[in-house]
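Topology and contacts: notes
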Amino acid sequence: NCFYFTVLFARPDGQRYHTDNAFETRDTGYRPSDLVSLVYLGVSPAMKSGELVVLKVSAPEVKETVRRRRELPGQILEKVQPATGRLVEFEGRL
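Residues numbered from 1 in each chain as written. Predicted model: local features only at pLDDT ≥ 70, side-chain atom pairs only at ≥ 80, totals over all residues. Heavy atoms only, no water.

With that out of the way, let us pick up the overall build of the protein. Secondary structure summary: the protein contains zero helices and four strands in total. Listing the helices and strands of the protein from first to last along the sequence gives β-β-β-β. Taking all 94 residues of the protein together, 20% fall into the buried category. Pairs at least 24 apart in sequence give 64% of the contacts found in the protein among residues at least 6 apart. (Helix = DSSP H or I, 4+ residues; strand = E, 2+ residues; numbered from the N terminus. Buried < 20%, exposed > 50% of the residue type's maximum accessible area, 1.4 Å probe, protein only. Contact = heavy atoms within 4.5 Å.)

Listed below in C-alpha cells is the structure:
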C-alpha cells in the first residue's frame, strides 16, 4: 500500500474540478486514485464558501471539464462544508 500526502491551499477565486491522478501507468498515461481522503487541517474564520464539491461523473463521461457553478442537473454527488479536522473520503474516479 502507498499513500501520497498533498497539501492544497484554497485559492480565493476557487479551484477548478480535477481528478486526483497521482498514479501513472505505462499504457494509459494516468490512473485515478481508488480512494481519496481529504482532511481540513485548518479553516480560516474569514473563509466564505470553499465547499468541496464531489461530482457524480468521471472525466471519461464528460466531453469537457465541468465548470464550477455550471454543473448539469444530477452531476453533483455531494457538497461538503469545510471545518477544521473534518475528514472526507470518496472514490477517486469521481
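So, on to the side chain of Gln-75. Relative to the elements of secondary structure, Gln-75 occurs in the loop between strand E2 (52-55) and strand E3 (76-80). A polar contact is formed between the side chain of Gln-75 and the backbone nitrogen of Leu-72, at a distance of 2.8 Å. For Gln-75, the residues in contact, after removing those within four places along its chain, are Val-54, Leu-55, Lys-56, Val-57, Val-62 and Val-66. (Polar contact = N/O pair within 3.5 Å; in protein donor to acceptor, adjacent residues only side chain to side chain.)

With that settled, the discussion passes to the side chain of Glu-51. Along the polypeptide, Glu-51 turns up in the loop between strand E1 (35-39) and E2. Excluding residues that lie within four positions of it along the chain, Glu-51 makes contacts with Arg-68, Lys-79, Val-80, Gln-81 and Pro-82.

Time to look at the environment of Ser-33. Within the fold, Ser-33 resides in the segment before E1. A C-alpha to C-alpha distance of 4.7 Å links Ser-33 and Gly-92, two positions 59 residues apart in sequence.

Before going further, it helps to examine the nonpolar core. Val-36, Tyr-40, Leu-52, Val-54, Val-80, Val-88 and Phe-90 together form the largest nonpolar core, which totals seven residues. Looking at this core, the elements that each hand over two or more residues are E2 and strand E4 (87-91). Beyond its immediate sequence surroundings of up to four residues, Leu-52 is in contact with Tyr-40, Glu-78, Lys-79, Val-80, Val-88 and Phe-90. Within the second largest apolar cluster, five residues are counted, among which are Tyr-17, Val-53, Val-57 and Val-66. (Core = buried A, V, L, I, M, F, W, Y, C linked by side-chain atoms within 4.5 Å.)

Right, let's talk about the confidence of the model for the protein for a bit. A residue-level look at the protein finds 72% of positions with pLDDT of 70 or above and a mean pLDDT of 77. Across the protein, element-level confidence peaks in E3 with a mean pLDDT of 89 and bottoms out in E1 with 83. (pLDDT = per-residue confidence, 0-100.)

The residue Arg-86 is located in the loop between E3 and E4 in this model. Sequence separation of Arg-86 and Leu-38 is 48 residues, and the distance between their C-alpha atoms is 8.1 Å. Those residues in contact with Arg-86 that sit more than four places away from it in its chain are Leu-38, Val-39, Tyr-40, Val-80 and Gln-81. In terms of polar contacts, Arg-86 uses its side chain to reach the backbone carbonyl oxygen of Gln-81, at 2.4 Å.

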